[in-house]
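If you want the building blocks of each chain, they are given just below.
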Amino acid sequence: MKHLYFILLIGILTSCTASEENTKPQKTLIDFFLPLPNQAPLVSEGTWGAEVILPRDTANGLEDATLKNWCYWDGSIVKDDAGKYHMYASRWTQELSHSKGWNKGSKGMHSVSDHLFGPYKDLGEAWPNWNNGMGHNVIGLRMHDGRYALVNSEVVPGEVFVSDSPEGPFERLGNFTIDPNGYYPGWGRYNELDDGAMKAGVVGHLSNVMIILRPDGRYMMVARHCVPMISDNGILGPYKMLADKAWLGVKGLPQFKMEDPTVWYSDNMYHIAVNFHGADSTFHLTSADGIHNWKNRGLVYHNSRNVFKHTDGTVENWFTVQRPTVYVEDEEVKAFNFSVIDVHKGKDKANDNHGSKVIVVPFDGKAFRKHINQIVEAENNLSDATPAPAPWQSTDIGTVKTNGNTGYDAEVNTIRVKASGNKIDATQDAFRYVYQEVSGDIASQVLVLSHDVSENPVKSGLMIRSSLEDDAPFIYAAIDKETGFTLTKRDKKARRVSIVHKTKMEAPYYLRMVKKDNWVSCYISSSNRLNWKMVGKLKIDLNETFYMGLASTSNNSAETGFARYKNAEIHTLGKPKQDGIVNHTFPDTISASGIVDFEIEMESIKANDIWVELQNVQTLEKYKVLRKRCWKSGTYKLTYDAGKPLDPNATYWFVIKTVPMHFHDSEHIQSAFKKVFVQ
């Protein structure tokens with residue numbers, strides 16, 4: 001297996017560091033680490049550790065140089081108003097092995113230094129009067145209100161302690177709350193499908209929690225599974241899952257054994273560093289909004305690259321390097337922390353000469369900012385000069401104040417629109433339209449990405465209209481930061497725009513329109529997990545050929561707003577892009593009677609059976625299966641009856657499968673599941 005990891009890593013490193021136009025390797029984040037400044041003379045005698053890490057600077061970072069007391073792990077640095085540096089981390093007595101120490105004896109602790117690189121003086125436990133001081137995955141940060149906050153997870157469900165002073169005392173504020181938002185709940189808190197959590201007794205716990213303050217005033221969480229979660233309501237949440245795992249499907253990255261991410265904001269973008277557990281490597285991803293369109297930027301760390309190198313050339317070859325955290329000052333990266341151990345974690349025994357510490361490595365943030373901004377700027381310029389792929393076309397409708405532009409980023413399948421224009425609420429329109437000329441019954445779906453990256457106001461969404469004339473009848477489902485979601489319509493006779501539906505919400509959001517005969521049904525979804533909410537069904541008179549597409553305006557601003565549309569698609573009903581369920585309305589909460597009414601919408605090339613069942617999450621007991629044969633595309637109203645009263649104290653998996661006719665359910669072509677609760 002190690003050989004497999006090595007071969008895979010070679011391929012990844014090649015794709016990450018080699019320019020397509022040039023054989024010369026392109027720099028990645030790992031190239032911007034600076035030599036370790038000596039905080040004290042390098043020593044080999046009188047300290048612990050395997051020979052490969054000696055001599056070393058025992059005054060760098062946080063460590064017990066004599067190993068008489070503590071092993072350290074985790075750790076992040078917070079600078080106070082007086083200029084002192086505080087590192088909050090976890091520790092356990094060296095009388096425990098590493099394996100027992102981190103999950104049985106780990107305590108949250110506080111240390112301080114006059115220098116960024118140390119030495120950090122251990123000031124003791126951070127919350128000794130709560131839960132016997134238990135703590136792991138400990139990090140610190142300043143909150144939006146200026147208070148100091150400490151985050152604790154893995155060995156506890158996930159909690160926050162706060163203080164007006166960096167010295168404490170730290171008082172427990174409460175536990176994090178997570179809103180799965182239609183995604184798999186185990187991406188946030190460990191659940192019953194995680195064997196490791198079951199064995200360790202930590203089902204319901206968050207792990208490897210990292211929290212940052214977003215420039216938009218919200219809090220962002222990334223935990224073990226690297227899923228972006230955002231809170232609009234303070235540091236405790238609820239944190240809403242807004243996307244899949246950040247590394248999923250990213251070009252050049254391994255798609256397994258990715259864990260222990262850290263997240264930070266610098267250089268006008270969001271960054272993630274995530275460990276590939278299979279080959280002692282850490283990879284760098286960036287995103288404009290911190291939610292979608294993460295891109296692989298190459299290596300953060302690999303054990304062959306001598307990251308822990310001193311100014312005289314001496315290298316500390318730490319065996320295991322994990323838990324990177326980033327110290328950012330004035331939106332510029334100044335240093336990285338790493339948790340390091342001199343041997344394999346399983347070989348660090350109680351009362352031996354091996355241990356762990358938190359090391360602080362200087363970083364050339366100024367040069368890195370120039371480097372990464374040049375890369376992103378070049379990518380954006382190329383995307384803006386690349387037209388959307390056929391059959392998409394684009395044009396400005398009506399008289400706009402500034403000509404618009406349509407670009408395309410093929411790597412992340414995103415259409416980029418710069419648009420000026422009005423609010424599309426007058427007799428005559430003025431906006432940017434990316435469209436396809438269509439006929440018959442059609443469906444369109446798109447993910448409207450966050451508007452946070454637009455310097456100017458922008459409204460973006462799906463529009464169906466009878467022609468490209470600026471007074472044509474239309475239906476428009478759109479989102480903007482000022483008013484949220486609106487569904488509007490202009491009828492040819494009335495020649496005015498009417499608001500049909502209005503909801504306060506922000507992008508990212510999925511929008512969907514389905515046109516059948518002269519009726520258009522509009523849906524929204526925050527997770528794209530098939531579960532859509534219908535927000536309107538409107539009648540409209542269209543020409544034999546008409547237009548469906550993406551409409552963007554800058555809300556009357558002369559400057560262009562910037563809208564982004566991911567995975568936009570239009571297809572003719574009866575010629576589905578995906579054979580199976582495209583929409584269902586199974587609720588999040590069901591009654592104890594076990595009787596649930598819901599709808600499914602099918603698009604089918606052939607006859608399919610729909611299988612529906614509930615399964616008790618705690619007991620794994622399966623309940624009655626509903627089977628419905630669907631001969632053709634359409635919307636079907638279904639009633640599910642579990643057959644007996646459900647337990648209000650239990651939770652249930654709702655499972656729905658699309659199975660070809662005459663096949664077994666194990667041969668399904670599509671499946672979805674969600675956790676539901678009993679009233």
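Values in this document were obtained by computation on a predicted structure and should not be read as measured data.

Engineer: Could you clarify how one ought to interpret the overall build of the protein in this entry?
Structural biologist: Counting its regular elements, the protein contains four helices and 42 strands. Whereas a compact globule of 679 residues would reach a radius of gyration of roughly 26 Å, the protein reaches 28 Å, a difference of no more than 12%. In terms of overall dimensions, the protein has a C-alpha envelope of 90 × 65 × 50 Å along the principal axes. Split into buried and exposed, the 679 residues of the protein put 57% on the buried side. By sequence separation, contacts in the protein at least 24 residues apart represent 60% of the contacts at least 6 residues apart. Element-wise, carbon and sulfur atoms account for 49% of the exposed surface of the protein, whose accessible area totals about 28,400 Å².

Engineer: What should I look at first to understand the environment of Leu116 in this one?
Structural biologist: Summarising the element assignment, Leu116 is placed in the loop between strand 3 (107-113) and strand 4 (121-125). Linking Leu116 and Ala335, residues 219 residues apart in sequence, is a C-alpha distance of 8.3 Å.

Engineer: How should the nonpolar core be read in this particular structure?
Structural biologist: Proteins that are soluble and globular tend to have nonpolar side chains buried together. With 86 residues, the main nonpolar core has Ile211, Phe308, Phe336 and Phe338 as its most contacted residues. Here the element with the most residues in this core is strand 15 (residues 269-276); it accounts for six residues. Ignoring any residue separated from it by four or fewer positions in sequence, one finds Ile211 in contact with Ile139, Leu141, Val151, Phe176, Tyr219, Met220, Met221, Ile235 and Tyr239.

Engineer: Explain the sheet that holds strand 41 (residues 651-660) here, please?
Structural biologist: Hydrogen bonding along the main chain pairs the strands of a sheet, whether they run parallel or antiparallel. A sheet is described by the order of its strands in space; here five strands give the open sequence 36-42-41-38-39, paired in mixed fashion. Both outer strands of the open sheet, strand 36 (589-590) and strand 39 (626-630), are each paired with one neighbouring strand and no more.

Engineer: Honestly, empty space enclosed by the protein in this entry has me stumped. Any pointers?
Structural biologist: A probe as big as a water molecule, rolled over the atoms, marks out the empty space that is left. One pass over the structure, following the stated rule, counts one cavity of 30 Å³ or more. Size it by volume and the largest cavity reaches roughly 30 Å³. Lining the largest cavity we find His451, Asp452, Ile479, Asp480, Lys481, Glu506 and Ala507. Partitioning the lining of the largest cavity into residue classes produces two nonpolar, one polar and four charged.

Engineer: Is there a simple way to explain the side chain of Ser554 in this structure?
Structural biologist: Position of Ser554 relative to the elements: it lies in the loop between strand 33 (545-553) and strand 34 (561-572). Polar contacts involving the side chain of Ser554 include one to the main-chain amide nitrogen of Gly421, which spans 3.3 Å. Within the structure, the side chain of Ser554 is placed 3.4 Å from the backbone oxygen of Glu559, a separation counted as a polar contact.

Engineer: Would you mind going over unusual backbone geometry with me for this structure?
Structural biologist: Across the chain, the bulk of peptide bonds are trans and the bulk of non-glycine residues have phi less than zero. Residue Leu54 is joined to Pro55 through a cis peptide bond whose omega torsion reads -10°. Structurally, Pro55 is set in the loop between helix 1 (2-17) and strand 1 (70-79). Residue Pro508 follows Ala507 across a cis peptide bond; omega there is 15°. Of note, Pro508 is situated in the loop between strand 29 (497-503) and strand 30 (509-516).

Engineer: Got a minute to help me understand the packing of aromatic side chains in this structure?
Structural biologist: Pairs of aromatic rings are described using the distance from one ring centre to the other and the angle between the two planes. A complete count under the given rule lists 29 aromatic pairs for this structure. Taking 6.0 Å as the distance between ring centres and 75° as the angle between the ring planes, the aromatic pair formed by Tyr85 and Tyr327 counts as edge-to-face. With Tyr85 in strand 2 (residues 85-93) and Tyr327 in strand 18 (residues 320-329), the pair connects residues that are 242 residues apart, well separated along the chain. Between the aromatic rings of Phe308 and Phe338, the centroid separation amounts to 5.7 Å while the plane-to-plane angle is 85°, which identifies the pairing as edge-to-face. You can see Phe308 sitting in the loop between strand 17 (295-302) and strand 18 and its partner Phe338 sitting in strand 19 (residues 332-341), a full 30 residues away along the chain.

Engineer: Would you explain the pairing of strand 41 in this entry?
Structural biologist: Regular strands show a simple pattern: their side chains alternate between the two faces of the sheet. Here strand 41 lies mainly inside the structure; ten of its ten residues are buried. Residues Thr651, Trp653, Val655, Lys657 and Val659 of strand 41 are buried on one face, and the alternating residues Tyr652, Phe654, Ile656, Thr658 and Pro660, pointing to the opposite face, are buried as well. Where strand 38 (residues 608-616) and strand 41 come together, nine bridges link them in antiparallel fashion. Opposite Leu614, over in strand 41, you have Phe654 as the bridge partner. Here eight bridges tie strand 41 to strand 42 (residues 670-678), and the two strands are oriented antiparallel to one another.

Engineer: Help me out: how do you make sense of the sheet that holds strand 34 in this one?
Structural biologist: The sheet built from seven strands is open, its strands ordered 22-23-34-25-30-31-32 with antiparallel pairing. On the outer flanks of this sheet lie strand 22 (405-409) and strand 32 (533-539), each paired with one strand and no other. Taking each pair of neighbouring strands and ignoring which way they run, the sheet shows an average axis angle of 25°. As defined by bridge partners, strand 25 (residues 442-448) adjoins strand 34 across six bridges and the pair is classed as antiparallel.

Engineer: Explanation requested: the pattern of salt bridges in the structure shown.
Structural biologist: Taken as a whole and assessed by the stated rule, the structure comprises 39 salt bridges. The residue Arg142 makes a salt bridge to Asp81 at a minimum N-O spacing of 3.5 Å. Taken together, the residues Arg142 in strand 5 (residues 139-142) and Asp81 in the loop between strand 1 and strand 2 connect sequence positions 61 residues apart. Accessibility expressed as a relative area gives 24% for Arg142, which makes it partly exposed. On the accessibility criterion, Asp81 (70% relative accessible area) is exposed. Of the charged contacts, one joins Arg172 and Glu159 as a salt bridge, the two residues approaching to 2.9 Å between their closest N and O atoms. Taken together, the positions of Arg172 in strand 8 (residues 171-175) and Glu159 in strand 7 (residues 159-163) put the pair 13 residues apart, joining distant regions of the chain. Residue class for Arg172 comes out partly exposed when judged on its relative accessible area of 32%.

Rules used in this analysis
Residues numbered from 1 in each chain as written. Predicted model: local features only at pLDDT ≥ 70, side-chain atom pairs only at ≥ 80, totals over all residues. Heavy atoms only, no water. Helix = DSSP H or I, 4+ residues; strand = E, 2+ residues; numbered from the N terminus. Rg over C-alpha atoms; globule rule 2.2 N^0.38 Å. Buried < 20%, exposed > 50% of the residue type's maximum accessible area, 1.4 Å probe, protein only. Contact = heavy atoms within 4.5 Å. Areas by Shrake-Rupley, 256 points an atom, 1.4 Å probe, with all protein chains shown as cover. Core = buried A, V, L, I, M, F, W, Y, C linked by side-chain atoms within 4.5 Å. Pairing = 2+ DSSP bridges. 1 Å grid on protein atoms, 1.4 Å probe; cavity = no way out; pocket = protein on both sides within 12 Å on 5 of 7 lines; lining within 4 Å. Points joined across faces, edges and corners; volume = space filled by probe spheres on them. Nonpolar A, V, L, I, M, F, W, Y, C, P; charged D, E, K, R; others polar. Polar contact = N/O pair within 3.5 Å; in protein donor to acceptor, adjacent residues only side chain to side chain. Phe/Tyr/Trp six-rings, centres within 6.5 Å; stacked < 30°, edge-to-face > 60°. Axes fitted to C-alpha atoms, helices over the stretch in contact; angles between N-to-C directions. Salt bridge = Lys/Arg side-chain N within 4 Å of Asp/Glu carboxyl O.

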